[in-house]
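# Secondary and tertiary structure notes
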Amino acid sequence: MPSAVDPGDDLYIAIKQISQSSMGSDYIDQLIPIMKDARYSNQLQYAFDSFANDRESEIERICNANHQDFVSSVDSLLRIRDQTVQMSGEILQLNESIQESIEKLATQKQALVDSRGVRQNINEATQALNACLNVLRLANQVQDMLREKNYYAALRALDELQTIHLKEINRFKIASLIEKSVPQTQDQVREAVKNDLSTWLYRIRESAQLLGEVSFYYTDMRRTRNQERAEADPRFSKFKLNSAIELVADETDEFDVLNNEEAGIETDFSPLFEAMHINETLGKADQFRMEYAADRRTQKDLIIPTKLNLLDEDCSDLSSLLESIAGFAIIEKATISKTTSLRQQSDVDELWDSMCQSAIKLITSFLHTVESDELLLKIKSRIALFMLTMEKWGYSVSAMNDLLLILFSKYSELLKQRFSDDFLEIVQTDDYMPMPINNYEEYDKVVSVSWYTPDKTREELTFPCVLPFSQMYPLCCIDIRNFLNQIYLFSDDYFQKSTIVDETLRIALDDLLCKQVCQSLVDRLSSQYPGQIVQILTNLEHFETACVELQDLLFQARSSPSSNAPITLSATTQFAKAKKQASDRIFELVNSKIDDLIETADYDWMAAKPAVEPSEYMLELTRYLSNIMSSVLLALPTQIKGFIYFDALSHAAESILSLPLDDGVKRITPSAVASFATDTAFLSSFVNSLNNPILMENLDELTQTAALMGTDNSEEFFDIAQRNRKYGKVNQMKGAILIEKVQEGAQVASQSPTVASKASERFGTLGSRFKMGRG
């Protein structure tokens, strides 16, 4: 197709140069401005189409010129191919002929080879069979050794079989089968050893209680020997069991707890050693240690029962528990000493702590069933023996100390309750009479148990006699001493909490004395019998003395030597207060009786004639005062007795003085004054006969008042100097009231001269009587 563009056109030339250039970028830069120009866009496309048509025409022209040569070349190639196919057929025929000859020769050679191979195979099969039979024989021997419990020999045979004999037949299937069975056989060996060890563990668990029992027996023997040494040589008394001195002194005694013919104990550790050796050989030592530890933990749990009978007098259940724990722990200690790496001390201590805590929890949970202090003391004794035994084996028994504290608290409460009942019964059943003594034997018994210092020496006594206190005092003293001994019994063996013992004893004893003795005596002060109150007062005084002695005794006997602080019982103060209450009660009863007697006084204050004899109430009053001095108050100490008598006379004087001062008495005649003065003089004479000037001072106000009422010169009372000299004890207000009443009575009496003259004579007689009384 003719080109519409001039060949010389710039666009055509540029496109042709681009097609011939190896770097299109040489001329593309020239076309970019043309391509961007809209005027040349159609011309550029047309120039490209023209260039492409020219190229196609040129290619077609070249192909038309060489067509014949190409056809000839194809014919030649076809002929050559036919000839090649013909030659290939001939070659195949020749190859078949050669192959037939080779097959015949190979058949003959194979027959020869087969005959030789069969003979060789027979020989090799015979050798292999013999080797396999030998291996089977060794394998059967291993099983026989297992049945004979020859475990280590079985393992060595198995190892020899695996390392030597199986390598000889490793090309046979039987070798792989036996090789696969080796681990199973090893497991059989390990399982058999484990079964034997389990049997051994069961046996030692069954014999653990016997082992613990023998250990307790040996500890008790050591304790007896230690006590004998202390008795023979006091220097050993300060060294307790398991101390260094005691262990050295007792080291000559050879006693093997684990192997003792007398006790029938023989502890063989061979199964354990064999199990350790077998597992170590199998490379499972760590696994064996874990399994053994698990087995021992399981056995530990089986030792602790779910129930515990603490009410048995022989403590058989508790003994079995403690003996089993002791036997188990002793086996653990022996295992550590006989092996190198099987048991760690931390593992053994963990088991020990666990057993102790379980035992403490079990004992504590059933402790509430025990209501006898004697049984509780037996329980404590078994636990202390257990602690002494295990301390000898190097175990820490600090956890059991907490249990002993619980036991001691329970023991002290039970003991306190028992003695509380005893004290209460003694106080309630006492006759509150001075204690009669018939002979020296009774006297010595009472003095030996009581805190009592007699007024007379033993040689000065005459029987029968009476002691100032009643029977309750020595009985309570006996109970106090028994209580001390019972409390200290708990701390004799192993109990180390001496400070707690001392403090508990002090508090409990104080409580018993205050509540059961002192308070019971105070409660009985409500009695209306002065004699009983006097006896209670006497008992209280002796109890106060006993408390002082007890304070010194507790200080000297206390378990803890580190404390030097004095011991003070609050009961001492309580008894002193109770003494004051008893004294007040005696005052109250005596004064009440005095009031009753004085209330019977029937003075006729307007009497025309004076009484010749003392009034009846005055006779009764002096008789009563005399009787209580010689009988009721006789047992009291002189100081208390004098104080009570002083108070009684003082009260009597005040009560008598209050009679004329009564508001109902408006006038008092001279005759009534004379009668009053007669009674006052009689009382003064009675007191004077007691030979106690201090008692006379109680009557000073009464006698001076009576003298004032009978004086003719009452003006002296209103003169301070005269009053202080004659009437110093008379109350100024009371004296003035009485003078007024007497003056008014005298005025009434003056109306009758007879009465006045007789009154004058009576006053003269009274004056002489007052002089005699004061003299």
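Residues numbered from 1 in each chain as written. Predicted model: local features only at pLDDT ≥ 70, side-chain atom pairs only at ≥ 80, totals over all residues. Heavy atoms only, no water.

### As for the pattern of salt bridges
Put simply, the rule is: Basic side-chain nitrogens of Lys or Arg form a salt bridge, by our definition, when they fall within 4 Å of a carboxyl oxygen of Asp or Glu. The helix count covers DSSP runs of H or I at least four residues long, the strand count covers runs of E at least two residues long, and both are numbered beginning at the N terminus. Note on classification: 1.4 Å probe, protein chains only; a residue is buried when its accessible area is under 20% of the maximum for its type, exposed when over 50%, partly exposed between these limits.
The final tally for this structure, using the stated rule, is 19 salt bridges. Among the ionic pairs, Glu-323 bridges to Arg-382, the shortest N-O distance being 3.6 Å. Here Arg-382 lies in helix H12 (residues 373-392) and Glu-323 lies in helix H10 (residues 316-338), a separation of 59 residues in the sequence. Accessibility expressed as a relative area gives 7% for Glu-323, which makes it buried. Close ionic contact of Lys-445 with Glu-441 constitutes a salt bridge, the shortest N to O distance being 3.7 Å. Of this pair, Lys-445 and Glu-441 both sit in helix H14 (residues 440-449), separated by 4 residues, roughly a single helical turn. Look at Lys-445 and you get exposed, because its relative accessible area is 52%. In this structure Glu-441 comes out as exposed when scored by relative accessible area, which is 52%. Taken together, the shared-partner salt bridges connect Arg-296, Glu-332 and Arg-343 into one network.

### Considerations on a negative patch on the surface
Applicable threshold: Each patch is built from residues lacking any salt bridge and having more than 30% relative accessible area; the joining distance is 9 Å for like charges and 5 Å for nonpolar side chains (Val, Leu, Ile, Met, Phe, Trp, Tyr). Areas reported as accessible are Shrake-Rupley estimates using a 1.4 Å probe. Residue values count occlusion only from the protein chains shown. Charge counting treats Lys and Arg as positive and Asp and Glu as negative, with His and both chain ends excluded. One atom stands in for each charge, and that atom is NZ of Lys, CZ of Arg, CG of Asp or CD of Glu.
Residues Glu-261, Glu-262, Glu-266 and Asp-268 make up a contiguous surface patch of negative charge. Relative to the helices and strands, Glu-262 is located in the loop between strand E1 (259-260) and strand E2 (265-266).

### Quick look at the packing of aromatic side chains
One pair of aromatic rings is described through two measures. These are the centre distance and the angle between the planes. Under the convention used in this document: Pairs were defined over the aromatic rings of Phe, Tyr and Trp, the Trp ring being its six-membered one, requiring ring centres within 6.5 Å. Orientation was assigned from the angle between planes: stacked under 30 degrees, edge-to-face over 60, tilted for the rest. Lysine and arginine charges are scored as sitting over a ring when NZ or CZ, respectively, is within 6 Å of the ring centre and within 35 degrees of the ring normal.
This model, assessed by the stated rule, comprises 21 aromatic pairs. Ring geometry for Phe-408 and Phe-490: centres 5.1 Å apart, planes at 55 degrees, overall tilted. Of this pair, Phe-408 sits in helix H13 (residues 398-429) while Phe-490 is found in helix H15 (residues 472-490), placing the two residues 82 residues apart along the sequence. Residue Phe-408 is classed as buried on the basis of its relative accessible area, which comes to 2%. Cation over ring: Arg-296 sits above Phe-328, and NZ or CZ is 3.9 Å from the ring centre. Sitting above the plane of the Trp-451 ring, Arg-481 keeps its charged end 4.1 Å from the centroid.

### A closer look at unusual backbone geometry
The peptide bond linking Phe-463 to Pro-464 adopts the cis configuration, its omega dihedral lying at -5 degrees. Within the element layout of this structure, Pro-464 appears in the loop between H14 and strand E4 (465-467). Of note, the phi angle at Cys-315 is positive, near 55 degrees, even though the residue is not glycine. Structurally, Cys-315 can be placed in the loop between helix H9 (285-303) and H10.

### Quick notes on the confidence of the model for the protein
Selection criterion: Confidence of the predictor at the level of single residues is captured by pLDDT, which takes values from 0 to 100. A contact between two residues is defined here by any heavy atoms of the two lying within 4.5 Å.
Taken over all residues, the pLDDT of the protein has a mean of 79, while the share at 70 or more is 77%. Of all secondary-structure elements in the protein, the lowest mean pLDDT belongs to helix H27 (residues 753-774), at 42, while helix H11 (residues 345-365) reaches the highest, 91. The low-confidence segment residues 754-775 (pLDDT under 50) makes 34 contacts with residues lying over four places distant or belonging to another chain.

### As for the nonpolar core
Threshold: Only buried residues count toward a nonpolar core. Its members are Ala, Val, Leu, Ile, Met, Phe, Trp, Tyr and Cys residues joined through side-chain atoms within 4.5 Å.
Of all hydrophobic cores here, the largest spans 164 residues; its most connected members are Trp-352, Ile-379, Ile-383, Phe-386 and Leu-625. For this core, the leading source of residues is H13, giving 13 residues. Setting aside its immediate chain neighbours within four residues, Ile-379 contacts Leu-310, Cys-315, Leu-318, Val-370 and Leu-407. Formed by 5 residues, the second largest nonpolar core is a distinct cluster that contains Leu-708, Phe-717, Tyr-727 and Val-730.

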